[in-house]
Amino acid sequence: QVQLVESGGGLVQAGGSLRLSCAASGNRFSINAMGWYRQAPGKQRELVARISSGGSTNYADSVKGRFTISRDNAKNTVYLQMHSLKSEDTAVYYCYCNAWTAINLGRDYWGQGTQVTVSS
């Protein structure tokens with residue numbers, strides 16, 4: 001019912017920056033929390049950052065001080081600004097949101113993922 005489309009991934013050198021964007025679309029929906037997970041090859045998917053409807057944020061310890069999550073509620077879009085990227089940040093990054101629709105009172109929706117590769 002809610003579709004998420006990520007953009008902004010790519011190849012970047014260590015120490016560089018990338019900005020990921022994720023836009024939600026659909027009919028008659030309201031978004032609560034939004035955030036980002038990532039999954040490296042052979043690794044468990046992990047929460048990178050999340051932001052509540054009120055703007056409260058949470059970050060994984062590994063990205064604190066380097067990544068910043070933000071959202072534009074008017075555009076139903078969440079962003080992840082990534083600085084000082086490291087090789088261990090290489091992963092597929094997945095956008096998610098918790099949203100209410102006319103059919104589902106509240107559930108998580110996921111984007112298709114965008115690849116972030118940090119070269120040494």
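Structure: see above.
Not measured: the values here are computed from a predicted model.

(A) Layout of the state of the cysteines. On inspection of all chains with the given rule, the structure shows one disulfide. Covalently, Cys 22 is tied to Cys 95 through a disulfide, its sulfur atoms 2.0 Å apart. With the S-S dihedral at roughly -80 degrees, the linkage between Cys 22 and Cys 95 falls on the left-handed side. You can see Cys 22 sitting in strand 3 (residues 18-26) and its partner Cys 95 sitting in strand 9 (residues 91-101), a full 73 residues away along the chain. By the burial criterion, Cys 22 is buried, and Cys 95 matches it. You can see Cys 97 has no disulfide; the closest cysteine sulfur is in Cys 95, sitting 6.6 Å from it. Owing to a relative accessible area of 0%, Cys 97 belongs among the buried residues under this scheme.

Thresholds applied
- Residues numbered from 1 in each chain as written.
- Predicted model: local features only at pLDDT ≥ 70, side-chain atom pairs only at ≥ 80, totals over all residues.
- Heavy atoms only, no water.
- Disulfide = S-S within 2.5 Å.
- Helix = DSSP H or I, 4+ residues; strand = E, 2+ residues; numbered from the N terminus.
- Buried < 20%, exposed > 50% of the residue type's maximum accessible area, 1.4 Å probe, protein only.

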